[in-house]
Amino acid sequence: LTIGAALSDRDERAWAPLVFTAIVAQFAYALAQAIYLVRGPGWELFGPFHNWDLSLQALNGILVQARSSGLYFNPNELGLWAGMAAIVGWLILPSRLRVVGVTLAVGTLLLSQSRGASVALVVALCAAVVLAFAQGRVSAERAMKAVVAFAVVGGLVAFVVWVIGLPATALPRFDSLLAVLTQGPQADANLAGRVDYWQAVTALNAFYPWGTLGPPEFLLGTAVDSSWFQAFAQGSVPYAAALGVLLISTVALVRSRYGRVLFVLAVFIAVAGLTQTPFGYPPIILFWVLLGSSLQHSIAVPARHASSEPLPGWSTNRRPRGEPTHQATD
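Just so it is clear, the model here is predicted, and its values are computed rather than measured.

## Notes on the overall build of the protein chain
Inference 1: Within the protein chain, the secondary structure is distributed over 13 helices and 0 strands.
Inference 2: For the protein chain, the succession of helices and strands along the chain, N to C, is α-α-α-α-α-α-α-α-α-α-α-α-α.
Inference 3: Among the 330 residues that make up the protein chain, the fraction classed as buried is 41%.
Inference 4: Considering only contacts in the protein chain between residues 6 or more positions apart, those separated by 24 or more positions represent 70%.
Inference 5: On the protein chain, roughly 18,400 Å² of surface is accessible, and the fraction owed to carbon and sulfur atoms is 66%.

What follows is the structure in structure tokens.
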């Protein structure tokens, strides 16, 4: 928040080079990981990077080989970054970089194979459309440009996937996501396991009605894999409600600088938090920075307007130089 407040006076153009560079770097590394996994063209060149990933993942206790993790340890962390980068890129990057940036971010999301982040991004984009209509910022011409741009992004991502290929686990993962919509959580083993974790959290709350007041994973012996259930287990209803208030409060900042980006990110994080713990992932710093910037901007701008207004009873008209202070009387 402090960093965001310090950067609140920066224009969106100042963020563009940093955001675009980060998007390119994450995509390049995730793509290199995917090429190595599928033994694509020049895969031998990425052997040292693969060994480096293995050593870092071993130190962190996470070993994931079938999915790209980018510059993070966990593929879900990369998926969260990619979804947030797609939103920030679409709303902040200038037009000359927007399509490329969003294309690379969506491609990174696909390489991470994060289904939770994929669903969250779709919901967040729908929220962005609703917000645009509510603010009266949508015209037929802008809507057509958006449709064309998204079509270009989808075509470019599909082309990259066709040329490079994805690990064999990618299609079954997304096929199971469609099966969940028709058959329920039991259609996917991972989601069914998460439902069991959440049931364990509910049972744990019966013994700790005010929450565990600490990480519930130590008592459960398993991961919770949900920010909402994790908050409920740790601090019961008040803590989970506080999390909801934090995300909902972004509605009040929509008209501040970066307010639109912050609101769409909040929707994305709220949905992703159903099956992930985004507040424990490194990319969440982007949300906090934008929140700090929006809060500082919402306070500073009204204060500047107020300081420029004359106090009641005072006149802003200056007396011409040389004019007497008192009029002569007979």
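## Looking at the packing of aromatic side chains
The geometry of an aromatic ring pair comes down to the distance between the two centres and the angle between the two planes.
Inference 1: Applying the stated criterion to the full structure yields 5 aromatic pairs.
Inference 2: Summarising the aromatic geometry, the rings of Phe287 and Trp288 are spaced 5.4 Å apart at their centres and angled 65° between planes, so their arrangement reads as edge-to-face.
Inference 3: Ring-pair connections join several aromatic residues into one group, and the members of that group are Phe279, Phe287 and Trp288.
Inference 4: A cation over an aromatic ring shows up here: Arg98 above the ring of Trp90, its NZ or CZ 5.8 Å from the ring centre.

## Describing the nonpolar core
Inference 1: Core analysis: the biggest nonpolar cluster contains 54 residues, and Ile23, Ile87, Val88, Leu265, Phe268, Phe287 and Leu290 have the highest contact counts within it.
Inference 2: Contributing elements (two or more residues each) for this core: helix H2 (12-37), helix H4 (75-92), helix H5 (95-112), helix H6 (115-134), helix H12 (259-272) and helix H13 (285-308).
Inference 3: Looking at this core element by element, the count peaks at 11 residues for H4.
Inference 4: Apart from the residues lying within four places of it in its own chain, the contact partners of Leu265 are Met84, Ile87, Val88, Phe287 and Leu290.
Inference 5: By size, the runner-up hydrophobic cluster in this structure holds 5 residues, among which are Leu191, Trp198, Val201 and Ala233.

## Let's talk about the confidence of the model for the protein chain
Inference 1: Confidence in the prediction for the protein chain averages 77 pLDDT; 69% of positions are at 70 or higher.
Inference 2: Low confidence marks residues 305-330, where pLDDT is under 50. Its contacts with residues over four positions away, or in another chain, come to 2 contacts.

## With respect to the packing of H6 against H12
Inference 1: Orientation of H6 relative to H12, taken along the N-to-C sense of each, is 145°, at an axis distance of 8 Å. Crossing of H6 against H12: the hand is right-handed. Facing Gly116, Ala117, Ala120, Leu121, Val123, Ala124, Ala127, Ala128 and Leu131 of H6, the residues of H12 in contact are Arg260, Phe263, Val264, Val267, Phe268, Val271 and Ala272.
Inference 2: Of the residues in the contact of H6 with H12, the class split is 14 nonpolar, 1 polar and 1 charged.

## Details of unusual backbone geometry
Keep in mind that most residues, glycine aside, have a negative phi and that most peptide bonds are trans.
Inference 1: Positive phi outside glycine occurs at Gln113, with the angle close to 60°.
Inference 2: Inspection of the secondary structure puts Gln113 in the loop between H5 and H6.
Inference 3: Notably, Ser236 is not glycine yet its phi reads approximately 60°, a positive angle.
Inference 4: Position of Ser236 relative to the elements: it lies in helix H11 (residues 227-248).

## Considerations on H11
Inference 1: Look at H11: only 15 Å from first C-alpha to last across 22 residues, short of the 32 Å you get at 1.5 Å a residue.
Inference 2: When the local axis directions of H11 are compared, the greatest deviation, roughly 135°, occurs at Gly235, which is followed within four positions by the proline Pro238.

## A word on a nonpolar patch on the surface
Inference 1: A cluster of nonpolar side chains, contributed by Phe207, Tyr208 and Leu219, occupies part of the molecular surface with about 350 Å² of accessible area.
Inference 2: With respect to the element layout, Leu219 can be found in helix H10 (residues 217-220).
Inference 3: The exposure class of Leu219 is partly exposed, given its relative accessible area of 46%.

Conventions and cut-offs
- Residues numbered from 1 in each chain as written.
- Predicted model: local features only at pLDDT ≥ 70, side-chain atom pairs only at ≥ 80, totals over all residues.
- Heavy atoms only, no water.
- Helix = DSSP H or I, 4+ residues; strand = E, 2+ residues; numbered from the N terminus.
- Buried < 20%, exposed > 50% of the residue type's maximum accessible area, 1.4 Å probe, protein only.
- Contact = heavy atoms within 4.5 Å.
- Areas by Shrake-Rupley, 256 points an atom, 1.4 Å probe, with all protein chains shown as cover.
- Phe/Tyr/Trp six-rings, centres within 6.5 Å; stacked < 30°, edge-to-face > 60°.
- Lys NZ or Arg CZ within 6 Å of the ring centre and 35° of its normal.
- Core = buried A, V, L, I, M, F, W, Y, C linked by side-chain atoms within 4.5 Å.
- pLDDT = per-residue confidence, 0-100.
- Axes fitted to C-alpha atoms, helices over the stretch in contact; angles between N-to-C directions.
- Left-handed = near helix turned anticlockwise from the far one by under 90°.
- Nonpolar A, V, L, I, M, F, W, Y, C, P; charged D, E, K, R; others polar.
- Expected span 1.5 Å × (residues − 1).
- Bend = angle between axes of the 7 residues up to and from the residue.
- Patch = residues over 30% accessible without salt bridge, like charges linked within 9 Å, V, L, I, M, F, W, Y side chains within 5 Å.
- Salt bridge = Lys/Arg side-chain N within 4 Å of Asp/Glu carboxyl O.

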